[in-house]
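Chains, contacts and geometry: an overview
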Amino acid sequence: MLRKIGALTLLTTCVLSAGNAMAADKLIVSTWGGSFKDLIDQTIAKEFTKETGVEVQFVTGGTIDRLNKAKLAGGSPETDVTFTTAHVGYLYANSGLFEKLDMSKIPNAVNLVQQAKVSPYHLGVWGYVYTIGYRPDLVPKGEEFTSWNDLWRPELKSSIALPDWDPSHIIAVSAKLSGTDAAHWEQGQAKLKALIPNIKSFYTDDANSQQLISTGETPVQVMLSMNAYSMIAEGVNIKLAIPKEGAILGVDTVGINKGTKHAELAYKFMNIALKPEIQQEVAKIYRGSPTVTNAHIDPELAKLPGMLTTPEQWNATINTDPQLRAEKTAEWRQWFSENIMSH
């Protein structure tokens, strides 16, 4: 009888252990699709699965689409971890969709650059710039774009593409060229309206951006540096210019979805994302700037325009406060749609 009880107890324990393993057999990560999903899969997710044995599953979509889905899901999130931009991360946090982080569970965060310490709810995993990307074979001969003001040159009529979902980059530029900053963006409205004759198109996503510049339809763009380097690797003739006023800083971040049942695994995932070896791989594969100071980047890679590997380079960018961007996103998009895109 005792043997039967012991056997039953052992069987029950095995079943419960198996059940717990099955419950945590996947960490579900929300991110962008395409090359960004591939980047995370090849670096952070690969190492996470190697260390934990837990598979990573991705749910992909656009930045705002995924935010809206998360709002609908509320306290029963579809995903455990979310990659998003620094300012949209504030929209998650302000809606109660991100856990407040226990930094003791992310020891690698001690090496974060200041610009990646975004909020108590989300941290930067790589940096990049939005700057001027151009086709040297299709712009006026000798054009090198030393200043953002060069975008307003009459020779560039109907040549430029801007992102349609986030006008904050060109709003910050117009404000700076008007002697102020994004917090006082209204002072740059006239400057931005003066750019309308040179705007040919507004791209809807990364793929559309790449299509427009590769075909030559828009030989000049306010462009994400990581996308430009991806295209250069594919043989497209693109150059990146860093204007003297500075390129626009961007930081992609990661946060833990409030209500996740896999919080400990989520912390493990975040900590792996900030390992210097992983950050070095992100820089090597997709030219994302490391957000930890103990990552060692190849000197030739560090020379590339838009790669940020020193405090001086980070500080030389135009860095609009992501919390301000979050607060102003709806207002900026409405104004931009009515006053720039509609013309």
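Above this text is the structure in question.
Residues numbered from 1 in each chain as written. Predicted model: local features only at pLDDT ≥ 70, side-chain atom pairs only at ≥ 80, totals over all residues. Heavy atoms only, no water.

**Details of the packing of aromatic side chains**
The way to describe two aromatic rings as a pair is by their centre distance and the angle between their planes. Across all of its chains, the model carries 13 aromatic pairs by this definition. Where F83 meets W126, the ring centres are 6.0 Å apart and the plane angle is 15°; that geometry is what we call stacked. Highlighted residues: F83 in strand β3 (residues 81–85) and W126 in strand β4 (residues 122–134), separated in sequence by 43 residues. F83 sits in the buried class, given a relative accessible area of 0%. Where W185 meets W332, the ring centres are 6.4 Å apart and the plane angle is 70°; that geometry is what we call edge-to-face. Highlighted residues: W185 in the loop between α5 (168–177) and α6 (189–193) and W332 in helix α13 (residues 322–341), separated in sequence by 147 residues. Here W185 and W332 have matching classes, each one buried. Put simply, the rings of W32, F36, F48, F83, W126, F269 and Y286 touch in pairs and so form one group of aromatic residues. The ring of W32 is capped by R66, whose NZ or CZ atom sits 5.1 Å from the centre of that ring. The aromatic ring of W152 is capped on one face by K191, whose charged end is 4.6 Å from the ring centroid. (Phe/Tyr/Trp six-rings, centres within 6.5 Å; stacked < 30°, edge-to-face > 60°. Helix = DSSP H or I, 4+ residues; strand = E, 2+ residues; numbered from the N terminus. Buried < 20%, exposed > 50% of the residue type's maximum accessible area, 1.4 Å probe, protein only. Lys NZ or Arg CZ within 6 Å of the ring centre and 35° of its normal.)

**Here's the deal with the pattern of salt bridges**
Across all of its chains, the model carries 11 salt bridges by this definition. K69 serves as the salt-bridge partner of E78, at 3.4 Å between the closest nitrogen and oxygen. By relative accessible area, which is 43% here, E78 ends up partly exposed. When its relative accessible area of 44% is taken as the criterion, K69 is described as partly exposed. Taking the shortest distance from any N to any O, the salt bridge between D137 and R135 comes out at 2.9 Å. Judged by its relative accessible area of 44%, D137 is partly exposed. Classification of R135 by relative accessible area gives buried; the value is 10%. Several salt bridges converge on common partners, so that one network encompasses E47, E51, K268 and K275. (Salt bridge = Lys/Arg side-chain N within 4 Å of Asp/Glu carboxyl O.)

**As for the nonpolar core**
In terms of nonpolar packing, the biggest core is built from 85 residues, with F83, W126, L151, I170, V220 and F269 touching the most fellow members. The element best represented in this core is β4, accounting for 8 residues. Apart from the residues within four sequence positions on either side, F269 is in contact with L27, V29, I40, I44, A45, F48, V56, V81 and F83. If you look at the next biggest cluster of nonpolar residues, it comprises 7 residues, including A228, Y229, I238 and L240. (Core = buried A, V, L, I, M, F, W, Y, C linked by side-chain atoms within 4.5 Å. Contact = heavy atoms within 4.5 Å.)

**Looking at the pairing of strand β7 (residues 220–224)**
Of all 5 residues making up β7, 5 are buried, and the element is well covered by its neighbours. Alternating positions in β7 separate into two faces, V220, V222 and L224 on one and Q221 and M223 on the other, with burial throughout. In this sheet, β7 lies alongside β4 in antiparallel orientation, the contact comprising 5 bridges. Directly across from Y134, in β7, lies its bridge partner V220. (Pairing = 2+ DSSP bridges.)

**Looking at α5**
In terms of burial, α5 is a largely internal element, 8 of the 10 residues being buried. Of all the positions in α5, only S168, H169, I170, I171, A172, V173, S174 and A175 are classed as buried. Structurally, α5 contributes buried residues whose contacts are with β4, β5 (160–163), α6, β7, β9 (248–256) and α13. Looking one or two residues past α5, G179 carries a phi angle of roughly 85°, positive in sign.

**Concerning the side chain of T260**
Inspection of the secondary structure puts T260 in the loop between β9 and α9 (263–273). Residue class for T260 comes out buried when judged on its relative accessible area of 13%. At 2.7 Å, the side chain of T260 and the side chain of D80 are in polar contact. Side-chain polar atoms of T260 contact the backbone nitrogen of H262, separated by 2.9 Å. For T260, the residues in contact, after removing those within four places along its chain, are P77 and D80. (Polar contact = N/O pair within 3.5 Å; in protein donor to acceptor, adjacent residues only side chain to side chain.)

**Focus on the environment of T218**
Structurally, T218 can be placed in the loop between α7 (206–214) and β7. Residues T218 and Y90 lie 128 residues apart in sequence; the distance between their C-alpha atoms is 32 Å. Residues contacting T218, with those up to four places away along its chain left out, are S159, I160, A161, K200, S201, L212 and I213.

**Here we look at α7**
Two residues of an α-helix separated by three or four positions point the same way, owing to the 3.6 residues in each turn. Residues of α7 that are buried: N208, S209, L212 and I213. Mapping the buried residues of α7 onto a view down its axis gives an arc of 125°, with all of them on the same face. Elements that come into contact with the buried residues of α7 comprise β4, β5, β6 (199–203), β7 and α8 (225–233). Count one or two residues on from α7 and you reach G216, which has phi positive near 90°. (Arc of directions from axis to C-beta.)

**Section: the pairing of β6**
Consecutive side chains of a regular strand alternate in pointing toward one face of the sheet and then the other. In terms of burial, β6 is largely enclosed, as 4 of its 5 residues are buried. In the sheet, β5 pairs with β6 via 4 bridges, with the strands oriented parallel. The residue of β6 that forms the bridge with A161 is S201.

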